[in-house]
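What the coordinates show
Each chain, written out:
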Amino acid sequence: MQVALVGLGVMGKNLALNLIEKGLTLVAYDNNPDAGEELLSLAKKEGFAERLHVVSELRDMISRLDTPRSILLLVPAGELVDRVCMDLIEAGVEVDDIIIDCGNSNYKDGIARKLKYQNKFEFATMGISGGAEGARHGPAMMASGSEGGWERIIPSFEKVAASFKGESCFARVGQSASGHFVKMVHNGIEYALMQLIAEMYHLLRLGCGKSPQEIAQIFDTWSEGELNSYLLSISSHILTLENKDQTPIVDLIDNKVGAKGTGLWTAQNALELGIAVPSLVAAVQARHLTNTHDTLASLEMTYQQKAVSSTQIDLAKLKSAFHLASLLCYRQGLALIKGASRSHQWKVDLAKTLQTWRAGCIIRADYLDQIAAGNEFIDNMQNEVNALREIAGEALKTGLAFPVLGASQTYIATLTTPSNGHLVQAQRDYFGEHGIKTHQGEPCHLTDLAIIDAKVR
């Protein structure tokens, strides 16, 4: 099969090598000629340069491809995607050609582009996870768009993606730009899991007084069982690293956390769709709080330092609390995907979505089977529910911040115990006459149920 690739940055270069190694003939283009020369040099070194053609013009790239053409874009999200699409139209792409945006674009841009270019070529989207290493040796690939253009590509891409127990981690998850939405939510879950692991470290380090090496050993013990995951394993490794003075590397790193926007998009879209993902939102806000001194409201967000209280934590209960909180991060993300799919009529297949996450990606974990089992599995985790309640309470007593741990406890508690929404709705009706409903579902106002002091009203 032939495929073209535009954009030979870190991800593009590594995906290109993967494509060639898996037997595809690749025509590659980048407006930086050095990037093309570097790729050609690497392909020669690895012994499969005969399947690579590096070109200096898009028109040359188009002429080398058999029709209908398949073209991957790995360029920065935003205006550059449209600029390349317009250049490809000028270079001669045709209506049956498929152009796939593989960057971290906003899914709303994908929806708009599918309409914008519908008479020029078929526009599709694909989220790719796994970083440079995944791109080179097998990423998770979350594709979307109409079936027609993908039919000729799927067999090859199933080989390019990572695999788990013989099944490819490539899937066309749904229609339109759902692939980019799924990848966005993947990143939102990633934010939450990273923050949750950091909170486990925080509690053990500052609350319990354990060293990074001791915490790494605890994480390693967790990884020996059902909690094994990519993020937990790299966190454990990071905590073992020291400089020549035996100072833990983690102690030398600035506390400000960067972000590229996909976590924020996840939070924004959850709010727009009215779907609660508190653990994911809390992780985004946690990153913002580490950068308070860089905000316009920095003076209003600067307070005196406070002492931290020590605590003793049952490690078995901590493990159980972490287990449940981790599952809840995924379940919130899947609820958001399902809600968006229903709203946009994407027909996203959640089973296929989870299959793409089983290997190659940042949020891969051995307990994805438990997530696939759904709420029924969580309903039977009473010991873990009790552990999460207890650990969240003990953690807060230290005075330290545990945004994702706390949000996860709030999430499961709100959905499984009596809520306080009846008083809030009564307040809304009291000052704004927004109306209330009785337990029988009958609409009314407070004045219909009780005599209210007219002076107060």
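Structure report, in brief.

**So, the pattern of salt bridges**
In this structure the tally under the stated criterion is 16 salt bridges. The salt bridge involving Arg64 is made with Asp60; its shortest N-O contact spans 3.2 Å. You can see Arg64 and its partner Asp60 sitting in helix α3 (residues 58–64), four residues apart, about one turn around the helix. Owing to a relative accessible area of 38%, Arg64 belongs among the partly exposed residues under this scheme. Residues joined by salt bridges that share partners form a network here, namely Asp82, Asp101, Arg113 and Lys116.

**A look at the side chain of Arg287**
Along the chain, Arg287 turns up in helix α13 (residues 278–289). One buried charged side chain, Arg287, makes no salt bridge at all; its nearest oppositely charged neighbour is Glu190, positioned 5.5 Å away. With residues up to four places along the chain from it excluded, the contact list for Arg287 reads Tyr191, Met194, Val257, Gly258 and Ala259.

**Notes on the packing of helix α12 (residues 262–273) against helix α14 (residues 315–344)**
Running from N to C, α12 and α14 point in directions that differ by 55°, and their axes come no closer than 11 Å. Comparing the axis directions of α12 and α14 gives the class oblique. You can see that α12 and α14 cross each other, and the crossing is left-handed. On α14, the residues that touch Thr266, Asn269, Ala270 and Leu273 of α12 are Leu336, Ala340 and Ser343. Of the residues contributing to the contact of α12 with α14, the split by class is four nonpolar, three polar and no charged.

**Some remarks on the sheet that holds strand β6 (residues 122–129)**
Taken in spatial order, the eight strands line up as β3-β2-β1-β4-β5-β6-β7-β10 in an open sheet, and their pairing is mixed. The strands lining the two open edges of the sheet, one partner per strand, are β3 (52–55) and β10 (170–174). Recorded for the sheet is a direction-independent mean angle of 25° between the axes of neighbouring strands. Pairing of strand β1 (residues 2–6) with strand β4 (residues 70–73) involves three bridges; the strand directions are parallel. Considered in β4, the bridge of Ala4 is made with Ile71. Packing against the sheet, helix α9 (residues 178–207) makes contact with β5 (98–101), β6, β7 (140–144) and β10, and its axis sits at approximately 20° to β6.

**Notes on the pairing of strand β2 (residues 25–29)**
Within β2, four of the five residues are buried, which leaves it mostly tucked inside the rest of the structure. Bridging between β1 and β2 involves five bridges; their strand directions are parallel. When the sheet's bridge partners are listed, Val6 is paired in β2 with Tyr29. In the classification by handedness, the crossover that spans β1, the intervening helix α1 (residues 10–21) and the parallel β2 is right-handed.

**A few points about empty space enclosed by the protein**
Overall, the coordinates contain two cavities of 30 Å³ or more when judged by the stated rule. The volume enclosed by the largest cavity comes to roughly 50 Å³. Leu193, Ile197, Ser229, Leu231, Phe322, Ser326, Tyr330, Ile362, Ile363, Arg364, Ala365 and Tyr367 together form the lining of the largest cavity. Taken together, the elements giving at least two residues each to the lining of the largest cavity come down to α9 and α14. Sort the elements by how many residues they give to the lining of the largest cavity and α14 lands first, with three residues. Looking at the lining of the largest cavity residue by residue, the classes come out as nine nonpolar, two polar and one charged.

**Section: helix α20 (residues 421–432)**
Its twelve residues place the ends of α20 16 Å apart at the C-alpha level, agreeing with the 16 Å of an ideal helix rising 1.5 Å per residue. Of the residues trailing α20, Glu433 is marked for its positive phi of about 50°.

**Here we look at the nonpolar core**
Among the nonpolar cores identified, the biggest contains 76 residues, and Phe181, Phe219, Trp222, Tyr330, Trp357 and Leu405 are the most heavily contacted of them. If near-sequence neighbours (up to four positions away) are discounted, Phe219 is found in contact with Ile197, Met200, Tyr201, Leu204, Leu232, Ser235, Ser236 and Leu239. Judged by nonpolar contacts, the second largest core, of 34 residues, contains Phe48, Leu52, Ile128 and Trp150.

**A look at the environment of Val3**
With respect to the secondary-structure elements, Val3 resides in strand β1. According to the relative accessible area criterion, Val3 is buried, its value standing at 0%. Separated by 68 residues in the primary sequence, Val3 and Ile71 place their C-alpha atoms 5.9 Å from one another. Not counting residues up to four positions away in its chain, the partners in contact with Val3 are Leu19, Leu24, Thr25, Leu26, Val27, Leu65, Ser70 and Leu72.

**Examining the environment of Ala198**
Structurally, the position occupied by Ala198 is in helix α9. On a C-alpha basis, the gap between Ala198 and Ser235 in space is 8.4 Å, while along the polypeptide they are 37 residues apart.

**So, the pairing of β3**
Direction of pairing for β2 relative to β3: parallel, over a ladder of four bridges. The partner of Leu26 across the bridge, within β3, is Leu52. Read as a crossover between parallel neighbours, the route from β2 over helix α2 (residues 33–46) to β3 is right-handed.

What counts and what doesn't
Residues numbered from 1 in each chain as written. Predicted model: local features only at pLDDT ≥ 70, side-chain atom pairs only at ≥ 80, totals over all residues. Heavy atoms only, no water. Salt bridge = Lys/Arg side-chain N within 4 Å of Asp/Glu carboxyl O. Helix = DSSP H or I, 4+ residues; strand = E, 2+ residues; numbered from the N terminus. Buried < 20%, exposed > 50% of the residue type's maximum accessible area, 1.4 Å probe, protein only. Lys, Arg positive; Asp, Glu negative; His and termini not counted. Contact = heavy atoms within 4.5 Å. Axes fitted to C-alpha atoms, helices over the stretch in contact; angles between N-to-C directions. Parallel < 35°, antiparallel > 145°, perpendicular 65-115°, else oblique. Left-handed = near helix turned anticlockwise from the far one by under 90°. Nonpolar A, V, L, I, M, F, W, Y, C, P; charged D, E, K, R; others polar. Pairing = 2+ DSSP bridges. Right-handed = clockwise from strand over helix to strand, strands pointing away. 1 Å grid on protein atoms, 1.4 Å probe; cavity = no way out; pocket = protein on both sides within 12 Å on 5 of 7 lines; lining within 4 Å. Points joined across faces, edges and corners; volume = space filled by probe spheres on them. Expected span 1.5 Å × (residues − 1). Core = buried A, V, L, I, M, F, W, Y, C linked by side-chain atoms within 4.5 Å.

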